[in-house]
Amino acid sequence: MTNKQPTARRQSEQLIPSERLIGLVQRVFEAAGSHLDEARIISSHLIEANLVGHDSHGLMRVSRYVDLVREGKVSPNQHAKIINDRGASVLIDGQFGYGQVIGAEAMAIAAERAAQHGFAAVALRNAGHLGRIGAWAEFLARKSLVSLHFVNSSGFGILVAPHGGGDRRLSSNPIAAGVPLGANPPLVLDFATSAVAEGKIQVARNKGEKLQRGEILDGHGMPTTDPEAFYANPPGAILPFAGHKGSGLSILCEILAGSLTGGFASNPASPTAERLVNNMFSIVIDPESFAGRTFFRTDVSLLTEWVRASPPREPGGAVLLPGEIEARTRRERESRGIPVDSTTWATFVAAAASLEVDVER
Ligand code: NAD
């Protein structure tokens, strides 16, 4: 999450209940040409990202998605199309539809195949922005399935410098994994392989906050904490997380999600370079296929208890498991509402107004 260092441009915030936001966003996507069901799926996914604390993948995205539809880069009302089906492995084309709908359909196929075969490998290409990738891992974990997801954005999403490089060559390439924990919320690991997700640079810019050191370079390849430098001309680049390790994982995402699916690895000359396309390679496993569900559940519980019992290094601190901070934020925001900064709200209102939707009524 971004550094909360205030600056002179710090914006005011309002708290809005998630159900109200979902309803408002749904109206905007209907006005942008989506059927009711599609509009509901997109709005629920986006506001869910806000609920769990990933504001970079929530309300803030609405105006961008509307622009993408206008530019013909995302097509409303598309469905996942199976291109190659070998039972446990399926290649799906998203036909440049909204990633929220295509992703949900692809993950339903993945769950069905993993139930049939014990595991499944699903290669999804040409989906619109798939949003918060952890949402897909959570969906599968709720069906008692373990999953791994590798994502890239061919072309349009090239924002990240490789380790040792000074300009944009890779996408922010998230990796996610989900582990069912019985009656408890699943363990969900979900992060970009870049030091910071691009949406979080936008959030910091909207809020007038600085980034942390080691997250971005300016347009001359020099380290900076100023989000404006990222959007300047020449543009800056995001650094990979953990140096050569994040850079290597990012290259792996390009290969699995781009080259293996046929959706293309980052390449400014690819046929999808002008679209915001997400490709995703998912491996989905039924624990019953290996040591069995009972052993798996017991052993994971032992592990999580063992890890959690580590003495906190700071007074009042705690060891959190992947997904725990999101579950906490969800509880808090479900009761208090979602904080929306004034820039994000104004941008959303303007996008809605451009489609003759008055969200302030
Ligand atoms: P992040 O840096 O906030 O890391 C989130 C992960 O770290 C989660 O698994 C979380 O549970 C865990 N975590 C956070 N704090 C922790 C703590 N104190 N102890 C233990 N674990 C902790 O995430 P990010 O890299 O900024 O990514 C944000 C979102 O952006 C993700 O949902 C990602 O899928 C999404 N994203 C999507 C795309 C795309 O192309 N669709 C691209 C990049 C990022």
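Residues numbered from 1 in each chain as written. Predicted model: local features only at pLDDT ≥ 70, side-chain atom pairs only at ≥ 80, totals over all residues. Heavy atoms only, no water.

**Re unusual backbone geometry**
As a reminder of what qualifies: Under the DSSP-based scheme used, a helix requires at least four consecutive residues in state H or I and a strand at least two consecutive residues in state E, with every element numbered from the N terminus. Per-residue accessibility, obtained with a 1.4 Å probe over protein chains only, is compared with the maximum for each type, and a residue is labelled buried under 20%, exposed over 50%, and partly exposed between these values.
Looking along the chain, the bond that leaves Asn-233 and enters Pro-234 is cis, with omega of 0°. If you trace the backbone, Pro-234 turns up in the loop between helix H7 (227–230) and strand E10 (237–238). With phi around 35°, Asn-173 is a residue other than glycine that occupies positive phi space. Tracing the sequence through the fold places Asn-173 in the loop between strand E5 (146–155) and strand E6 (174–181). For Asn-173, a relative accessible area of 0% puts it in the buried group. Even without being a glycine, Phe-264 presents a positive backbone phi close to 80°. The residue Phe-264 is located in the loop between helix H8 (244–259) and strand E11 (276–285) in this model. Assessed through its relative accessible area of 34%, Phe-264 is described here as partly exposed.

**Details of the pairing of strand E4 (residues 119–127)**
To be explicit about the condition: In this description, strands pair whenever DSSP reports at least two bridges between them.
Within E4, seven of the nine residues are buried, which leaves the element mostly enclosed by the surrounding structure. Taken together, the five bridges between strand E3 (residues 89–93) and E4 define a ladder with parallel strand orientation. If you follow Asp-93 over to E4, its bridge partner there is Arg-125. As defined by bridge partners, E4 adjoins E11 across seven bridges and the pair is classed as antiparallel. Each residue of the ladder has a partner; that of Ala-121, found in E11, is Ile-283.

**As for the confidence of the model for the protein chain**
Where we set the bar: Confidence of the predictor at the level of single residues is given by pLDDT, which spans 0 to 100. Any pair of residues with heavy atoms lying within 4.5 Å of one another is described as a contacting pair.
Per-chain confidence: the protein chain averages 94 in pLDDT, with 97% of residues scoring 70 or above. Per-residue pLDDT stays below 50 along residues 1–9; that stretch engages in 24 contacts with residues further than four places along the chain or on separate chains.

**So, the pattern of salt bridges**
Under the convention used in this document: Counted as salt bridges are all cases of a side-chain nitrogen of Lys or Arg within 4 Å of a carboxyl oxygen of Asp or Glu.
In total, this model carries 19 salt bridges according to the counting rule given. In this structure, Glu-71 and Lys-73 form a salt bridge, with 3.4 Å as the shortest nitrogen-oxygen distance. The partly exposed category is assigned to Glu-71, whose relative accessible area is 47%. The salt bridge involving Glu-138 is made with Arg-330; its shortest N-O contact spans 3.7 Å. One end of the pair, Glu-138, is in helix H5 (residues 134–141); the other, Arg-330, is in helix H10 (residues 324–336), with 192 residues separating them in the sequence. If you follow the salt bridges from partner to partner, you end up with Glu-48, Arg-132, Glu-138, Arg-142 and Arg-330 in one network.

**A word on the site of the ligand**
Short version of the rule: Residues are classed as near a molecule or strand on a simple rule: at least one heavy atom within 4 Å of it. Here a polar contact is recorded for every N or O atom pair within 3.5 Å, except that within protein the pair must consist of a potential hydrogen donor and a potential acceptor, and residues adjacent in sequence are included only if both atoms are side-chain atoms. Residue burial considers only the protein chains on display, and all accessible areas are found by Shrake-Rupley using a 1.4 Å probe.
Taken together, 22 residues form the shell around the ligand, and within it Asp-190, Ala-192, Lys-200, Gly-323 and Glu-326 come nearest. Separating a nitrogen atom of the ligand from a backbone N or O atom of Gly-131 is a distance of 3.1 Å. The separation between an oxygen atom of the ligand and a polar side-chain atom of Asp-190 is 2.5 Å. Look at the ligand: alone it shows 870 Å² of surface, and the protein chains cover 81% of it.

**Here we look at the nonpolar core**
Convention followed: Take the buried Ala, Val, Leu, Ile, Met, Phe, Trp, Tyr and Cys residues and link them wherever side-chain atoms come within 4.5 Å; each set so joined is a nonpolar core.
In this structure, Val-28, Phe-29, Leu-59, Val-62, Trp-345, Phe-348 and Val-359 are the most contacted members of the largest nonpolar core, which totals 32 residues. Put simply, the parts of the chain that give this core at least two residues each are helix H1 (18–31), helix H2 (36–51), helix H3 (62–70), strand E12 (338–341) and helix H11 (342–353). Broken down by element, the residue count for this core peaks at six residues, all from H1. Residues in contact with Val-62, not counting those within four places in the same chain, are Val-25, Val-28, Phe-29, Leu-46 and Phe-348. Judged by nonpolar contacts, the second largest core, of 22 residues, contains Ala-110, Ala-111, Ala-127 and Leu-130.

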